[in-house]
Amino acid sequence: MKYYIFLVFVVLLAGFLRIYRLDSFPVGFHIDEASLGYNGYSMLKTGKDEHGNRFPLYIDMFGDNRPSGYHYLTIIPIAFFGLNEFATRLPGAVFGTLTVVAFYFFVLSLFKDKKLAIFCSLLIAISPWHVVSSRASAESIVALFFILTGVGIIVRSLNTKDSRLLPYGFVSLVISFFFYHSPRIFVPLLLISMFSLIWKSNKTYSKEFKRTGLLYGIAVFFVSFLLIFVVKGGTGRFNQVNIFGSPETRLVMEEQLRDDGSRSVPLLVARVFHNKIINYPLTFITNYFDYFTGKYLFMSGGRPIWYKVPNIGLLLLSELPFILIGFVYLFTQRTSLVFLPILWLFIAPLVASITSDDIPNVQRSIVMFPMLEILAGYGVVKLVTLLLKKKWNFAVLLIIFVFTLNVVYFLHQYFVHASSHETIYRFNGFKEMVLSVKDVYDQYDHIIVTKTSGGMYPHILFFISYDPFTYQKEGSPKDKDFGGFGKFIFAKEFCPSINGSDRFPKTWRILYVDSGPCVIPATQIQKKIYREDGTLAFVIVYP
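Residues numbered from 1 in each chain as written. Predicted model: local features only at pLDDT ≥ 70, side-chain atom pairs only at ≥ 80, totals over all residues. Heavy atoms only, no water.

Novice: Mind showing me how you'd approach the overall build of the protein chain here?
Specialist: Within the protein chain, the regular secondary structure consists of 24 helices and eight strands. For 543 residues, the compact-globule formula gives about 24 Å, and the C-alpha radius of gyration of the protein chain, at 26 Å, lands near that figure. Once the C-alpha set of the protein chain is aligned to its principal axes, its extents read approximately 80 × 65 × 50 Å. Within the span of the protein chain, comprising 543 residues, buried residues form 54% of the whole. In the protein chain, the share of contacts with a sequence separation of at least 24, taken over all contacts with a separation of at least 6, comes to 72%. Here the protein chain displays about 24800 Å² of accessible surface, and carbon together with sulfur accounts for 64% of that area. Across the protein chain, the mean location of the 52 positive side-chain charges is 11 Å away from that of the 36 negative side-chain charges. (Helix = DSSP H or I, 4+ residues; strand = E, 2+ residues; numbered from the N terminus. Rg over C-alpha atoms; globule rule 2.2 N^0.38 Å. Buried < 20%, exposed > 50% of the residue type's maximum accessible area, 1.4 Å probe, protein only. Contact = heavy atoms within 4.5 Å. Areas by Shrake-Rupley, 256 points an atom, 1.4 Å probe, with all protein chains shown as cover. Lys, Arg positive; Asp, Glu negative; His and termini not counted. Charge placed at Lys NZ, Arg CZ, Asp CG, Glu CD.)

Novice: Got a minute to help me understand the sheet that holds strand S7 (residues 525–530) in this structure?
Specialist: Each strand in a sheet pairs with another by means of backbone hydrogen bonds, the pair being arranged parallel or else antiparallel. Reading across the sheet, the six strands line up as S4-S5-S3-S6-S8-S7 and stay open at both edges, with mixed pairing between neighbours. Looking at strand neighbours, the two that pair on one side only are strand S4 (484–485) and S7, the edges of this open sheet. Relative to strand S8 (residues 536–542), S7 is paired through six bridges, and the arrangement is antiparallel. Following the sheet pairing, Lys-527 is matched in S8 by Ile-540. Contacting strand S3 (446–450), strand S5 (488–491), strand S6 (510–515), S7 and S8, helix H22 (residues 430–439) crosses the sheet at an angle of about 10° to S8. (Pairing = 2+ DSSP bridges. Axes fitted to C-alpha atoms, helices over the stretch in contact; angles between N-to-C directions.)

Novice: What is the right way to look at the nonpolar core in this model?
Specialist: General note: in soluble globular proteins, nonpolar side chains tend to be found buried as a group. The biggest cluster of nonpolar side chains holds 97 residues, and the ones touching the most others in it are Phe-106, Val-151, Phe-186, Trp-344 and Phe-369. Beyond its immediate sequence surroundings of up to four residues, Phe-106 is in contact with Leu-148, Val-151, Gly-152, Trp-344, Met-371 and Ile-374. With 38 residues, the next largest nonpolar core counts Phe-427, Val-434, Phe-490 and Val-513 among its residues. (Core = buried A, V, L, I, M, F, W, Y, C linked by side-chain atoms within 4.5 Å.)

Novice: What should I look at first to understand the packing of helix H5 (residues 85–111) against helix H20 (residues 369–389) in this one?
Specialist: Helix-helix packing is characterised by the crossing angle of the two axes and by the distance between the axes. Remark: H5 packs on H20, axes separated minimally by 12 Å, with the N-to-C direction vectors making an angle of 60°. As the angle between them shows, H5 and H20 are arranged oblique. Note on packing geometry: the crossing formed by H5 with H20 is right-handed. Facing Phe-103, Phe-106, Val-107 and Phe-111 of H5, the residues of H20 in contact are Pro-370, Met-371, Glu-373, Ile-374 and Tyr-378. Of the residues belonging to the contact of H5 with H20, the class tally is eight nonpolar, no polar and one charged. (Parallel < 35°, antiparallel > 145°, perpendicular 65-115°, else oblique. Left-handed = near helix turned anticlockwise from the far one by under 90°. Nonpolar A, V, L, I, M, F, W, Y, C, P; charged D, E, K, R; others polar.)

Novice: Is there a simple way to explain the packing of helix H17 (residues 320–331) against helix H18 (residues 340–347) in this structure?
Specialist: For the pair H17 and H18, interaxial distance at closest approach is 9 Å and the crossing angle is 120°. What the angle tells us is that H17 and H18 run oblique. From H17, Phe-327, Leu-330 and Phe-331 reach across to H18, where they touch Pro-341, Ile-342 and Phe-346. Per-class residue counts for the contact of H17 with H18 are six nonpolar, no polar and no charged.

Novice: Explanation requested: unusual backbone geometry in the structure shown.
Specialist: Backbone geometry follows two general trends: most residues other than glycine have a negative phi, and most peptide bonds adopt the trans configuration. Here the amide bond leading from Phe-25 into Pro-26 is cis, since omega sits at 10°, within 30 degrees of zero. Relative to the helices and strands, Pro-26 is located in the loop between helix H1 (2–19) and helix H2 (31–46). The step from Arg-303 to Pro-304 runs through a cis peptide bond, and the omega angle for that step is 0°. Relative to the assigned elements, Pro-304 resides in the loop between helix H16 (294–299) and H17. A positive phi angle, close to 40°, is found at Phe-55, a residue other than glycine. With a phi close to 65°, Asn-311 is a non-glycine residue in the positive phi region. For Asn-311, a relative accessible area of 59% puts it in the exposed group.

Novice: Help me understand helix H21 (residues 393–417) in this model?
Specialist: In an α-helix, one full turn covers 3.6 residues, which means residues spaced three or four apart are oriented alike. With 25 residues, H21 ought to run about 36 Å at 1.5 Å a step, and its terminal C-alpha atoms sit 35 Å apart, in line with that. Listing the buried residues of H21 in full gives Val-396, Ile-399, Phe-403, Asn-406, Val-407, Phe-410, Gln-413 and Tyr-414. For H21, the secondary structure elements touched by its buried residues are helix H6 (114–126), helix H7 (128–134), H17 and H20. (Expected span 1.5 Å × (residues − 1).)

Novice: How should the pattern of salt bridges be read in this particular structure?
Specialist: Close approach of charged atoms allows side chains of opposite charge to pair. Tallied over the full model, the rule gives six salt bridges. In this structure, the salt-bridge partner of Asp-162 is Arg-164, at a minimum N-O distance of 3.0 Å. A relative accessible area of 63% means that Arg-164 is categorised as exposed. Here the residues in one salt-bridge network are Asp-32, Arg-66 and Glu-139, joined through shared partners. (Salt bridge = Lys/Arg side-chain N within 4 Å of Asp/Glu carboxyl O.)

Novice: Would you explain the environment of Gly-301 in this entry?
Specialist: In this structure, Gly-301 sits in the loop between H16 and H17. Considered as a pair, Gly-301 and Trp-129 are 172 residues apart in the sequence and their alpha carbons are 8.4 Å apart. With sequence-adjacent residues up to four places away left out, Gly-301 is seen in contact with Lys-295, Tyr-296, Lys-308, Ile-312, Gly-313 and Leu-314.

Novice: Honestly, the packing of aromatic side chains in this entry has me stumped. Any pointers?
Specialist: By convention here, two paired aromatic rings are described through the distance between centres and the angle between planes. A complete count under the given rule lists 44 aromatic pairs for this structure. With centroids separated by 5.1 Å and ring planes inclined at 75°, the aromatic side chains of Phe-25 and Phe-415 adopt a geometry described as edge-to-face. Taken together, the positions of Phe-25 in the loop between H1 and H2 and Phe-415 in helix H21 put the pair 390 residues apart, joining distant regions of the chain. The exposure class assigned to Phe-25 is buried, which follows from its relative accessible area of 9%. Ring centres 5.4 Å apart and planes at 55° place the aromatic pair Tyr-288 and Phe-292 in the tilted group. Assessed through its relative accessible area of 13%, Tyr-288 is described here as buried. Through a chain of ring-to-ring contacts, the aromatic side chains of Tyr-38, Tyr-41, Tyr-441, Tyr-466, Tyr-471, Phe-485, Phe-488 and Phe-490 assemble into a single cluster. Sitting above the plane of the Tyr-441 ring, Lys-487 keeps its charged end 4.9 Å from the centroid. (Phe/Tyr/Trp six-rings, centres within 6.5 Å; stacked < 30°, edge-to-face > 60°. Lys NZ or Arg CZ within 6 Å of the ring centre and 35° of its normal.)

Structure representation (structure tokens):
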């Protein structure tokens, strides 16, 4: 009973760290979040996404065809709280909190150790990678919840030899496919690895159990195949970021060939050493090992940049020695399933490593971090147990103090310093700009907005709660220069108020939104919109 009391405390702590001032932190509102929220709002009002697709499996923003699971989760919060940052971020925060519970039962099923399960759930509750992602509308957080839940149920089924649990575990794994791309490859790889561990174990299962497991395993593979290769849009994001079609990968190979040519190396010889067969695997291996560097894990984190907290890694630095201790202890275990976290850890970055954009990428590799928390938790429990036996209580208190200090430092960096760190990547100033324009919207015939500050239209749709019925009739302007909706026209110029175009409407009642660096004559009436770090984001120019 006492362990469940501890679990309740850990869940409450996790909930507080994820929901406290959720509307304000992270500072800024990323374009992906704006798209998630507005499409949820659109489906709430019309049953269709912004493009007019009824209850879609994918929602396209800029050719990425994002799985629509998170969009659906925003519908209920938006219905209750309105279209705002809090409602959009709430599903991630809730599922991030629930992941603590799922992780507890996952560890308990695997190790049958309540003390270890409690400590591992505490680590995931306070770890930077999970707190930051849970607060930032990350679809991968929801997918991770369903993966941990599904595997936990399957492990329990294997331990109890109860085939009735298997369907629930496999269904949970399939649900993760509808929130993020990576699980569609990672989960089948993980299942193959799990079955290989079971095959090597001495446990025997009934024919019914094996048949049920095989049937549902095949079903998972089938659904994954359908979503990737059959359903329209399944390969959209992969086509954008894979190393095989990446201009960067080709550029490296071309530079190598030019370098050989400048040294009079025959082209045939150069082609032997610099070709796709060699360069693609080298790129993959380089990417893979980037996910295990100390810089990525403990010092500065990874990409995208808007997830970074200054001087903070993805894991607490205080976890490092315990991860090493836990790895050594766990590696010596003879039970096959207990070895699963190590196998899982090495499989996890495989999918992320075949991408070239934003490497190393936190969201694509997020499935690896719970296993690192298990290693850290295992190391702490083993060491603390040993210290208590020797009655070295002071050493135990020192461990608690170091962890507490590390967590407090992380929270200080996140809530105080992150707000002014890399603000341009957090879309700071966009909300203030849109709300300023909204206040005078009825006074102008047209509002011409620069597109050079990033994808503009999702923020405008979101912060003015633009009517979805009207927007769907007007069509999407995101790929069109001088396109728009309502009174908005999007211009490719940095400073449309200065560098006008013949395609601008011929009327004097035009409001301009210029990029921050534009120098507007002092005689012009203008409003400057600043980011948190003091840099200029936009200049609104009134006629």
